[in-house]
Amino acid sequence: MRKQSQICRLRGKTEKAGWTLNHTQKLYRVENATKAVSLQEKPVAREQQNAPLLAQFKAWLEKSSYGDFIN
């Protein structure tokens, strides 16, 4: 029984880490996609593409144990 609870806790931590890593990779993909964009258009393109991702990330952080550190 104790081993199962340890496995569940570890699984929860790895799921959180996986979600965070996946989201970070999405942000880097946006950055890579904007390499071909002109310097004037780059901030606009980043903001349009990153805004929804950053909003999801912030909402996730607020629900997590790190939420106290954000506000």
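Residues numbered from 1 in each chain as written. Predicted model: local features only at pLDDT ≥ 70, side-chain atom pairs only at ≥ 80, totals over all residues. Heavy atoms only, no water.

Caption draft 1: Representation of helix α2 (residues 42-63) within the structure. Between its first and last C-alpha atoms α2 spans 31 Å; for 22 residues at 1.5 Å apiece the expected length is 32 Å, and the two agree. Within α2, the full set of buried residues consists of K42, A45, N50, L53 and L61. (Helix = DSSP H or I, 4+ residues; strand = E, 2+ residues; numbered from the N terminus. Expected span 1.5 Å × (residues − 1). Buried < 20%, exposed > 50% of the residue type's maximum accessible area, 1.4 Å probe, protein only.)

Caption draft 2: Quick peek at the pattern of salt bridges. The final tally for this structure, using the stated rule, is 2 salt bridges. The salt bridge partner of K58 is E62, with a shortest N-O separation of 3.8 Å. Remark: E62 and K58 occur in helix α2; sequence separation between them is 4 residues, near one turn of the helix. With a relative accessible area of 38%, E62 lands in the partly exposed category. (Salt bridge = Lys/Arg side-chain N within 4 Å of Asp/Glu carboxyl O.)

Caption draft 3: Here's a closer look at the packing of aromatic side chains. All chains considered together, the criterion is met by 3 aromatic pairs. Seen in terms of ring centroids, W19 and F57 are 6.1 Å apart; in terms of plane orientation they differ by 0 degrees. Their pairing is stacked. Here F57 lies in helix α2 and W19 lies in helix α1 (residues 2-33), a separation of 38 residues in the sequence. We classify W19 as partly exposed; its relative accessible area is 30%. Measuring from centroid to centroid gives 6.1 Å for F57 and W60, while their planes differ by 25 degrees, and the two rings are stacked. Note that F57 and W60 are positioned in helix α2 at a spacing of 3 residues, about one turn of the helix. Connected via pairs of aromatic rings, a cluster forms that spans W19, F57 and W60. (Phe/Tyr/Trp six-rings, centres within 6.5 Å; stacked < 30°, edge-to-face > 60°.)

Caption draft 4: Inspection of the confidence of the model for the protein at higher detail. Per-residue confidence for the protein averages 79 on the pLDDT scale, and 72% of its residues sit at or above 70. Put simply, helix α3 (residues 67-70) is where the protein has its lowest mean pLDDT, 62, and α2 is where it has its highest, 89. (pLDDT = per-residue confidence, 0-100.)

Caption draft 5: Main features of the environment of E47. Within the fold, E47 resides in helix α2. E47 gets classed as exposed once you look at its relative accessible area, which sits at 59%. Along the primary structure E47 and V30 are separated by 17 residues, whereas in three dimensions their C-alpha atoms are 9.8 Å apart.

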